[in-house]
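# Residue-level structure breakdown
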Amino acid sequence: FVTGIIPVIAGATIPSWASAKESQQTREDNDFPGLITREKKPLNMEFPFPTLKNRITPNNQFFIRSHFNIPNIDAANWELEIGGNTNRVIKINLSELKKLPAKKVMATIECAGNGRANLAPKVKGLGWEQGGISNAEWTGVPLSVLLKKAGIKVGTVDIILEGNDEGMITEEPKSPGKIKFARSIPLNIAMQDHIIIAYEMNGKPLSAEHGFPARAIIPGWYGMASVKWLMKITASEKPFDGYWQTIEYAYWKRVEGLPTLTPVTTTLVKSEISRPVLFEAVPAGKPYQVRGAGWSGDSNLSKVEISTDKGNSWQPAKLIGPAIPFAWQLFEFEWVVPAKTGRYSLMARATDQNGKTQPMEHDLDRRTYMVNFISPIDVDVI
Ligand SMILES: Nc1nc2c(c(=O)[nH]1)N[C@H]1C(S)=C(S)[C@@H](COP(=O)(O)O)O[C@H]1N2
Ligand SMILES: [Mo]
């Protein structure tokens, strides 16, 4: 066990002294170098966003979001059951799953609570800053292949994905005793080709933290839908109203003007600056490379723009690499830092090909989810 390791980032510092200190104190081992611990039990760790260098997040740097303790699953005894409103109940083990035609999908997973720490006044819930998000290439079997094997009966509207982790929610609103983590997706989404039951992440078997032996990957949706430690898939004739789509991960959608609790689904357009970090000292009168990433669950990005004057004017950043559906895209921008010293406020604003762009403020109908408003990075030009 080595203490005192801080990831070395050219020209950058750790986001804040508090989070650096916290990650030093609570890290249990060297499995996740540099990750920021938000909670120890259950394990919740944030990707140190200022270290963003490559499009793919290494497996040991990928953020971890778990509601209960991580289950210890014996692959030899694991079976995935598919049933409910189906012609037959099928059970499939890991080696059978791996023999089915596989598909690779690159997908960025963002927790619906990412950026929650930026909300003012402070709110309850895990205080994710910038790193409740990561990107990987996943390998698995299209969910549609499994659903076709079981034979989905007419009248099915929802496909419920159930994990093997369980526990009790002891804060109000409490759960009715122990419950398993579960989430549903509509049947028409479930049948799309890119929805997969993944058993590999960046070419390696899933780790215990990320859902071993298999998990759902719902590209373009916030993370809660990508159920880990998958054990059961149920075709349902009614929309599923489980804990994590009514009480948590639900927002107030206006229906006929009336706020109606609705499950959180697709990831909103957003960008984050990885360089500079908040309150970084930037040398005056020299070029400085601003970096970050942008994404949208619904479509590819059309542009990311940067403002260095509190949003008065915007200039285009350069998008790096090809657009890949469901995967974030890195950007860079050469800032000609003024000779005049003082505090400057940097902002990034992503727009997607549907023309959707980031708002300036958080919409309270979203509660503490889907936080995609433009969040300035203040720096000191010295
Ligand atoms: N079984 C199960 N699946 C789960 C969760 C969980 O607690 N249990 N958390 C969800 C949430 S809220 C997120 S953001 C993603 C995070 O995936 P990761 O831990 O691999 O980053 O997993 C989702 N799948
Ligand atoms: Mo999440």
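Scroll up to find the structure.
Residues numbered from 1 in each chain as written. Chains lettered and ligands numbered in written order. Predicted model: local features only at pLDDT ≥ 70, side-chain atom pairs only at ≥ 80, totals over all residues. Heavy atoms only, no water.

### Quick notes on the nonpolar core
In this structure, Trp-138, Leu-143, Ile-159, Leu-161, Ile-185, Ile-197 and Ile-233 are the most contacted members of the largest nonpolar core, which totals 70 residues. Beyond its immediate sequence surroundings of up to four residues, Ile-185 is in contact with Leu-143, Val-157, Asp-158, Ile-159, Leu-161, Ala-190, Ile-195, Ile-218, Trp-221 and Ala-225. By size, the runner-up hydrophobic cluster in this structure holds 20 residues, among which are Val-282, Ile-306, Ile-377 and Val-379. (Core = buried A, V, L, I, M, F, W, Y, C linked by side-chain atoms within 4.5 Å. Buried < 20%, exposed > 50% of the residue type's maximum accessible area, 1.4 Å probe, protein only. Contact = heavy atoms within 4.5 Å.)

### Quick look at unusual backbone geometry
Along the chain, Lys-41 connects to Pro-42 via a cis peptide bond; the corresponding omega equals 0°. In this structure, Pro-42 sits in the loop between strand 1 (36–39) and strand 2 (44–46). In the Ramachandran plot, Met-370 falls in the positive-phi region, its phi being about 50° despite a non-glycine side chain. Mapped onto the elements of the fold, Met-370 is located in the loop between strand 23 (342–352) and strand 24 (377–381). (Helix = DSSP H or I, 4+ residues; strand = E, 2+ residues; numbered from the N terminus.)

### Here we look at the site of ligand 1
The environment of ligand 1 is made up of 19 residues, and the closest members are Phe-63, His-67, Asp-165, His-210 and Lys-228. Here an oxygen atom of ligand 1 sits 2.7 Å away from a polar atom, N or O, in the side chain of His-67. Between Asp-165 and ligand 1, the recorded distance is 2.6 Å, taken from a side-chain N or O atom to a nitrogen atom. Considering ligand 1 on its own, with 540 Å² of exposed area, one finds that the protein chains cover 100% of that surface. Every element with two or more residues in the shell around ligand 1 is listed here: strand 3 (64–65) and strand 8 (158–167). (Near = heavy atom within 4 Å. Polar contact = N/O pair within 3.5 Å; in protein donor to acceptor, adjacent residues only side chain to side chain. Areas by Shrake-Rupley, 256 points an atom, 1.4 Å probe, with all protein chains shown as cover.)

### Topic: the side chain of Thr-51
Note that Thr-51 resides in the loop between strand 2 and strand 3. By relative accessible area, Thr-51 is classed as buried at 16%. Within polar-contact distance, the side chain of Thr-51 engages the backbone oxygen of Pro-48 at 2.7 Å.

### Quick word on the packing of aromatic side chains
Within the structure shown, the criterion is met by 11 aromatic pairs. Ring geometry for Phe-62 against Phe-63: centres 5.7 Å apart, planes inclined by 20°, an arrangement best described as stacked. Through a chain of ring-to-ring contacts, three or more aromatic side chains come together here, namely Phe-47, Phe-49, Trp-295 and Trp-328. Positioned above the aromatic ring of Trp-314 is the side chain of Arg-349, whose terminal nitrogen or guanidinium carbon lies 4.0 Å from the ring centre. (Phe/Tyr/Trp six-rings, centres within 6.5 Å; stacked < 30°, edge-to-face > 60°. Lys NZ or Arg CZ within 6 Å of the ring centre and 35° of its normal.)

### A closer look at the side chain of Ser-307
Here Ser-307 shows up in strand 19 (residues 301–307). Side-chain polar atoms of Ser-307 contact the side chain of Asp-309, separated by 2.8 Å. Those residues in contact with Ser-307 that lie beyond four places of it in its chain are Asn-312, Ser-313, Trp-314, Ser-345, Leu-346 and Met-347.

### Re the pattern of salt bridges
On inspection of all chains with the given rule, the structure shows 14 salt bridges. The closest approach of N and O atoms between Glu-272 and Lys-270, which form a salt bridge, is 3.7 Å. Across this residue pair, the class does not change: Glu-272 and Lys-270 are buried. For Lys-356, the salt bridge is made with Asp-298, and the minimal N-O distance between the two is 3.5 Å. In this pair, Lys-356 sits in the loop between strand 23 and strand 24 while Asp-298 sits in the loop between strand 18 (287–295) and strand 19, placing the two residues 58 residues apart along the sequence. On the basis of relative accessible area, Lys-356 is assigned to the partly exposed category, the value being 44%. Each of the salt bridges in this network shares a partner with another, and the network as a whole consists of Arg-38, Glu-46 and Glu-129. (Salt bridge = Lys/Arg side-chain N within 4 Å of Asp/Glu carboxyl O.)

### A short note on the sheet that holds strand 1
Read across the sheet, three strands follow the order 1-2-3 without closing on themselves; strand pairing throughout is antiparallel. Two strands lie at the open edges of the sheet, namely strand 1 and strand 3, each paired on one side alone. One ladder, built from two bridges, connects strand 2 with strand 3; its direction is antiparallel. Each residue of the ladder has a partner; that of Met-45, found in strand 3, is Ile-64. (Pairing = 2+ DSSP bridges.)

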